[in-house]
Amino acid sequence: MNPLIVGLLKILRLMVDFVSEIIFFCFHGSTKPLPPLSSPLLLDSATVVARKIRERKITSVECVRVVIDRIREIDAILTCVVDSRYEDAIREAGEVDLQLASLGPQELEELKISKPFLGVPFSCKDCFSAKGLSHTAGLYLRKDIKGEYDAPVIERMKNAGGILVCVSNVSEMCMWWEASNKVTGRTCNPYHTGRTAGGSSGGEGCLIGAGSTPLGIGSDVGGSIRMPCFFNGIFGHKPSTRIVPNTGGLPEAHGKHEDYLVTGPMCRNAEDLIPMLSVLAGPEKTRLLRLTDEVKIKNLKFYFAEDDGGFPLVSPVHPELKVAQKNFIAGFKREFNIQVEKVKIDELYHSLGIWMNSMASEKNRPSFCSDLADNKGAVNPWLEMFKWILNISKHTLPALLLGMSEKMINTTSKEHLKCVELGEKLKIKLNELLGENGVLIYPSHSTPAPYHSQPILKSFNFSYTAVFNILGVPVTQVPLGVGSWGVPLGVQVVAGLNMDRNSLAVALEAQRMFGGWFPPAPVL
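Not measured: the values here are computed from a predicted model. Residue numbers here run from 1 along each chain, matching the order of that chain's written sequence. It should be noted that, the model being predicted, local features are given only for residues of pLDDT at least 70 and side-chain atom pairs only at 80 or more, the latter also being counted only at that level, while totals for whole chains, interfaces and linings use all residues. Note that the side-chain values use all heavy atoms of the structure and ignore hydrogens as well as water.

Q: I would appreciate a short explanation of the overall build of the chain in the present structure.
A: In terms of helices and strands, the chain carries 19 helices and 13 strands. For the exposure calls, accessible area comes from a 1.4 Å probe over protein chains only, and a residue counts as buried if that area is under 20% of its type's maximum, exposed if over 50%, partly exposed in between. For the chain, buried positions account for 60% of its 524 residues. Contacts between residues were defined by any pair of non-hydrogen atoms, one from each residue, lying within 4.5 Å. For the chain, contacts bridging at least 24 residues in sequence account for 78% of all contacts bridging at least 6. Only the protein chains shown count as covering a residue, and every accessible area follows the Shrake-Rupley method with a 1.4 Å probe. Accessible surface for the chain amounts to roughly 20800 Å². Of this, 57% is attributable to carbon and sulfur atoms. Neither His nor the chain ends is counted toward charge; the positive residues are Lys and Arg and the negative residues Asp and Glu. A charged residue contributes its charge at one atom only: NZ of Lys, CZ of Arg, CG of Asp or CD of Glu. Charge separation in the chain, taken as the distance between the mean sites of 56 positive and 54 negative side-chain charges, equals 3 Å. Going along the chain from the N terminus, every DSSP run of H or I of four or more residues is numbered as a helix, and every run of E of two or more is numbered as a strand.

Q: Is there a simple way to explain the sheet that holds strand E3 (residues 163-168) in this structure?
A: Working definition: the strands of a sheet are paired by backbone hydrogen bonds and lie parallel or antiparallel to each other. Between any two strands, at least two bridges found by DSSP are needed for them to pair. Across the sheet, eleven strands lie side by side as E1-E3-E2-E6-E8-E7-E12-E13-E11-E9-E10; this open sheet has mixed pairing. The sheet is open, and its two borders are formed by strand E1 (81-84) and strand E10 (340-342), each paired with just one other strand. Averaged over all neighbouring strand pairs, the angle between strand axes comes to 25 degrees, with direction disregarded. The pairing of strand E7 (residues 235-238) with strand E12 (residues 475-482) spans three bridges and is classified as antiparallel. In the sheet register, histidine 237 faces E12, and the bridge partner there is threonine 476. Strands in contact with helix H7 (residues 202-209) are E1, strand E2 (121-125), E3, strand E6 (215-220) and strand E8 (262-267); relative to E6, the strand with the most contacts, it is inclined by about 155 degrees. Axis angles are defined between N-to-C directions and span 0 to 180 degrees, where every axis is a line fitted to C-alpha atoms and, for a helix, only to the segment in contact. The strands touched by helix H19 (residues 500-514) are E7, strand E9 (301-304), strand E11 (438-443), E12 and strand E13 (488-495); relative to E12, the strand with the most contacts, the crossing angle is about 10 degrees.

Q: Just checking my understanding: could you explain the pattern of salt bridges for this structure?
A: One side-chain nitrogen of Lys or Arg within 4 Å of one carboxyl oxygen of Asp or Glu is enough to make a salt bridge. Summed over all chains, the structure comprises 27 salt bridges. Ionic pairing is found between glutamate 95 and arginine 91, a salt bridge with its closest N-O pair at 3.1 Å. On the criterion of helical spacing, the pair formed by glutamate 95 and arginine 91 is a turn pair, its members being four residues apart in helix H4 (residues 86-101). One salt bridge in this structure joins lysine 425 and glutamate 421, with 3.7 Å as the shortest N-O distance. On the criterion of helical spacing, the pair formed by lysine 425 and glutamate 421 is a turn pair, its members being four residues apart in helix H17 (residues 414-434). Judged by relative accessible area, which is 46%, lysine 425 ranks as partly exposed. With relative accessibility at 43%, the residue glutamate 421 sits in the partly exposed group. Through salt bridges with shared partners, a single ionic network connects Arg85, Asp88, Arg91, Glu92 and Glu95.

Q: What exactly am I supposed to notice about helix H3 (residues 60-78) here?
A: One turn of an α-helix holds 3.6 residues; hence residues three or four places apart share an orientation. Take the residue count of a helix, subtract one, and multiply by 1.5 Å to get its expected span. Given a rise of 1.5 Å per residue, 19 residues ought to cover 27 Å, and the 26 Å separating the end C-alpha atoms of H3 matches this to within 8%. Considered for burial, the residues of H3 that qualify are Ser60, Val61, Cys63, Val64, Val66, Val67, Ile68, Arg70, Ile71, Ile74 and Leu78. Where H3 terminates, the next one or two residues include threonine 79, which has phi positive at roughly 55 degrees.

Q: I tried to follow H19 on my own but got confused; where do I start?
A: The end-to-end C-alpha separation of H19 is 21 Å, in line with the 21 Å expected for 15 residues at 1.5 Å each. Looking only at H19, the buried set comprises Asp500, Arg501, Asn502, Ser503, Leu504, Ala505, Val506, Ala507, Ala510 and Gln511. Once H19 ends, the next one or two residues include glycine 515, with phi positive near 100 degrees.

Q: Just checking my understanding: could you explain the side chain of serine 361 for this structure?
A: Among the structural elements, serine 361 can be located in the loop between helix H13 (351-360) and helix H14 (368-372). Within polar-contact distance, the side chain of serine 361 engages the backbone oxygen of serine 358 at 2.6 Å. Not counting residues within four places of it along the chain, the set of residues in contact with serine 361 comprises Lys256, His416 and Val420. In protein, a polar contact requires one atom able to donate a hydrogen and another able to accept it; more generally it is a pair of N or O atoms within 3.5 Å, and residues adjacent in sequence count only if both atoms are side-chain atoms.

Q: Help me understand the side chain of serine 219 in this model?
A: Mapped onto the secondary structure, serine 219 falls in strand E6. Within polar-contact distance, the side chain of serine 219 engages the side chain of lysine 125 at 2.9 Å. Each residue touching serine 219, except ones within four places of it in the same chain, is listed here: Lys125, Cys127, Phe128, Ser200, Ser201, Ser224, Ile225, Leu261, Val262 and Thr263.

Q: How do you make sense of the environment of proline 366 when you look at a structure like this?
A: Mapped onto the fold, proline 366 is located in the loop between H13 and H14. Given a relative accessible area of 26%, proline 366 falls into the partly exposed group. Along the sequence, proline 366 and proline 251 sit 115 residues apart, while their C-alpha atoms lie 9.5 Å from each other. Filtering out sequence-adjacent residues up to four positions away, proline 366 remains in contact with His254, Asp371 and Asn375.

Q: For this particular structure, what's the right way to read the pairing of E6?
A: Working note: regular strand, side chains alternate between the two faces of the sheet. Burial of E6 is extensive: six of the six residues sit out of reach of the surface. Taking every second residue as pointing to the same face, both faces of E6 are buried, with Leu215, Ile217 and Ser219 on one and Gly216, Gly218 and Asp220 on the other. Taken together, the two bridges between E2 and E6 define a ladder with parallel strand orientation. If you follow serine 123 over to E6, its bridge partner there is glycine 216. The sheet contact formed by E6 and E8 spans six bridges and is antiparallel. Its bridge partner lying in E8, isoleucine 217 is registered against proline 265.

In C-alpha cells, the structure reads:
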C-alpha cells in the first residue's frame with residue numbers, strides 16, 4: 001500500500017477514534033452499579049466448589065441457589081440470560097446431594113476423577129443446542145425455537161457432574177463482537193454498564209465476570225471467547241483446532257471453517273481451565289494435548305509483540321494495554337529469571353486480510369446471508385438495510401454489513417489468493433517459532449471494552465484475536481486488573497499447535513502473580 005495512503009488512513013483512524021469517544025461518552029458514559037456479591041461461594045473456583053460439595057461442607061442445592069439468585073439480580077441490569085432452567089437445576093442439585101449422602105470415602109475419591117464438576121452450576125452461550133432451552137443464536141427467525149437435544153459439549157459437562165442453569169446472550173448468528181440482537185437485546189459490561197461485554201459469547205463472559213456461574217461454554221471463530229473474556233475480566237481458552245466438537249452449534253461449520261471455529265472454556269479462575277478443557281475435549285484429545293503433563297515455566301521460551309505492526313484500519317494499541325503487557329513480562333522475568341524476546345512478525349500486519357479472505361475461501365458452506373435466513377433462502381442485505389433505516393428490520397446493523405461485505409470479496413483475485421497464502425506462511429512461521437516450548441505474549445485487543453455500538457466504528461479491531469483462528473493455534477486470555485476506563489485489561493498467551501498446556505500453565509501462574517479476576521462489585 002502506498003505510504004501516503006497508509007499515513008492518511010492512520011490519521012483518519014485516529015480522528016474517528018477520538019471523535020467517537022466524545023460522542024459515545026455522551027450516550028453511554030454513565031454506569032449502573034451491581035449489587036454486592038452476597039456469598040463467598042461466588043468467589044470460589046468451580047474446582048473448589050466441587051471439592052466442598054464432595055466433602056459435604058456445602059450442598060449442591062445451596063450452591064445452585066446462590067448462583068441463581070446472583071443471576072436474577074444481575075440480569076435485570078446486564079441482560080445476559082436468554083433462557084433458564086432454574087427449577088430443574090435445583091432438582092438436579094438435590095439429586096446430587098442425595099447421591100453423595102450414600103457414598104463412602106473411596107467412592108467420593110473416585111468421583112473426583114469421573115465427575116470433576118459434580119454439583120457445580122455452569123452456563124452456555126445460546127448457539128449450542130440445550131434440550132428444552134432457547135436455541136436462537138440471536139436470530140429473530142429462531143426466537144421460538146427450543147433445543148431438541150444437548151450438544152456434545154453440554155452433554156460432556158453434564159456427564160462430568162455439571163448442572164446447566166441457563167443459556168446466555170450472543171450477537172446475531174454469533175458473527176459480531178458485541179452481544180446484541182433483536183431477540184434478547186444488548187448485554188452490558190458488568191464493570192461499566194455503558195460499555196460492551198463483547199461478542200459473540202458476550203452474555204457468557206458477562207455472567208461469569210459478574211460473579212454468577214463460575215464457568216461456561218463459549219465458541220470462537222474470530223475471538224468470540226477471548227474478546228468477551230478480556231472485556232469481562234475472566235480467563236478463556238481457544239483450544240487448538242479440532243480438539244473440542246462444535247456439533248450442535250450455530251452457525252454450522254463446513255470445510256475449512258471446521259478448522260477455524262473452536263469451542264472452549266470460559267472461567268473466573270485459571271484453576272478450572274484444564275479440568276474443563278479435558279471434559280470438553282474428551283479422553284482421546286486430552287491425551288493428545290498431554291494436559292496432565294507438568295509444564296515448567298522456567299523452561300519455556302517467551303516472546304512478545306507490542307502490536308500488529310500498525311495496520312491503518314485498526315486502532316493503535318491503548319497505552320494502558322502496553323503497560324499491562326510490560327508488567328506481565330517483567331513479572332515473569334523477575335519470578336522465573338527468564339529472558340523474553342521481542343519479535344516482529346511481519347505477517348501479523350495483514351491479520352485482517354488473512355482472516356477475511358481465509359473465511360471467504362471456503363465455498364462448500366451456506367453464505368452468511370443464508371445463515372441470516374436460517375438457511376431457508378437468503379436475506380437480501382441491501383433491502384434489509386433499507387428496512388433497518390426505517391427501523392422495521394429484524395436484523396442488526398453489523399449482521400447486514402457483514403452480509404454486504406461477504407459479497408464484495410472476489411475469491412479469484414490476486415489479492416485474495418495472496419492473503420490466503422500469507423496465512424499459510426504465518427502458520428508455518430509461528431509454529432516454527434513457538435515449537436513445543438514457546439509462548440507469544442500478544443495484545444488481546446486494540447483497546448479495553450468500548451462503549452455500546454462503538455464497535456461499528458472500530459470494526460476491524462477484532463483482528464488481534466481473529467488471525468489465530470486461521471492459524472489453528474491455542475490461545476489463552478489472561479486478565480490483568482482494571483484500567484482507568486473502569487474495565488479490565490489483559491493479554492493473550494499464544495502457544496504452538498496442540499501445545500495448549502503451555503499457554504494454560506502460563507495463565508495459572510499469571511493468576512497467582514497478578515490476582516486474576518477482580519469482582520466488579522463489593523463482597524459482603
